[in-house]
Amino acid sequence: MRDADSFDDFYRSTSGRAVRYGYAVAGDPAEAQDLVQEAYARAWRQWAKLAGHPAPEAWLRLVISRLATDRFRRLRGWRLAASRTGPPPDVGPPGEDTVLLVAALRRLPLRHRQALALHYLFDLPVEEIAREAGVPTGTVKSWLSRGRARLAELLPGVAAEELEVNDVA
């Protein structure tokens, strides 16, 4: 059985030093916080054994060091792959149509937006969207129909017929 109070005491008394150590090891404050958070999560999972360890803070530092080493190794692999392939091509700014569509989508109710995205971006059939949302298929059909109708109102120069799809009517 884990003793939450003793773990809390351990955390309070060591967390400041652990973050400073993580920062010294990683060289980046955000990375240090990630390392320390993962180390404390592992400590909590093993707290029944670790509480009786003669030096639990040393164990924590060892875990932080090993996590940092693992991350550096993974990053080295990514850097090596990136150096072989070169930088990715520049991505230009979004087109006017994209900006207008995103602005119009933001004005739709969340459920309509989700249904449209699942249906058109992920090519999910109505039945699968209904299963995922936990609603009847008629509800999803209604969301799609209303979402398309509202998009037609919000997008200048787009007729509602252009947004209609036969499989959900």
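Our subject is the structure that appears above.
Residues numbered from 1 in each chain as written. Predicted model: local features only at pLDDT ≥ 70, side-chain atom pairs only at ≥ 80, totals over all residues. Heavy atoms only, no water.

J.: Would you mind going over the overall build of the protein chain in detail, with residue names and values included?
T.: The helix and strand tally for the protein chain stands at nine helices and zero strands. Taken from the N to the C terminus, the helices and strands of the protein chain come in the order α-α-α-α-α-α-α-α-α. Here the C-alpha atoms of the protein chain give a radius of gyration of 26 Å, more than 25% beyond the 15 Å that 2.2 N^0.38 yields for 169 residues. Principal-axis analysis of the C-alpha atoms gives the protein chain an extent of 70 × 45 × 25 Å. Expressed as a percentage of its 169 residues, the buried residues of the protein chain come to 27%. (Helix = DSSP H or I, 4+ residues; strand = E, 2+ residues; numbered from the N terminus. Rg over C-alpha atoms; globule rule 2.2 N^0.38 Å. Buried < 20%, exposed > 50% of the residue type's maximum accessible area, 1.4 Å probe, protein only.)

J.: I'd like a description of the environment of A41, backed by residues and values.
T.: With respect to the secondary-structure elements, A41 resides in helix 2 (residues 29-45). Between the alpha carbons of A41 and F10 there is a distance of 13 Å; along the sequence they are 31 residues apart.

J.: Explain the packing of helix 6 (residues 110-120) against helix 7 (residues 126-133) to me, and be specific about the residues and the numbers.
T.: Remark: helix 6 packs on helix 7, axes separated minimally by 10 Å, with the N-to-C direction vectors making an angle of 135 degrees. Looking at the two axes, helix 6 sits oblique to helix 7. Handedness of the crossing formed by helix 6 with helix 7: right-handed. Along its contact with helix 6, which presents R111, A115, L118 and H119, the element helix 7 presents V126, I129, E132 and A133. (Axes fitted to C-alpha atoms, helices over the stretch in contact; angles between N-to-C directions. Parallel < 35°, antiparallel > 145°, perpendicular 65-115°, else oblique. Left-handed = near helix turned anticlockwise from the far one by under 90°. Contact = heavy atoms within 4.5 Å.)

J.: Could you give me a rundown of helix 2, with the residues and numbers involved?
T.: Taking 1.5 Å of rise per residue, the 17 residues of helix 2 would be expected to cover 24 Å, and the 24 Å separating its terminal C-alpha atoms lies within 8% of that figure. Along helix 2, the residues classified as buried are A32, L35, V36, A39, Y40 and A43. Viewed along the axis of helix 2, the buried residues span an arc of 130 degrees, placing them on a single side of the element. Turned more than 90 degrees away from the buried face of helix 2 sit Q37 and R45, all of them exposed. Structurally, helix 2 contributes buried residues whose contacts are with helix 1 (4-26), helix 3 (47-50) and helix 4 (56-85). Between a side-chain oxygen at the N-terminus of helix 2 and the backbone nitrogen of A30 the separation is 3.3 Å; the capping residue is D28. (Expected span 1.5 Å × (residues − 1). Arc of directions from axis to C-beta. Polar contact = N/O pair within 3.5 Å; in protein donor to acceptor, adjacent residues only side chain to side chain.)

J.: Please provide a residue-by-residue account of unusual backbone geometry, values included.
T.: Look at D123: it is not a glycine, yet its phi comes out positive at around 55 degrees. Looking at the element boundaries, D123 is found in the loop between helix 6 and helix 7.

Keep in mind that these numbers describe shape and distance, not what the molecule does.
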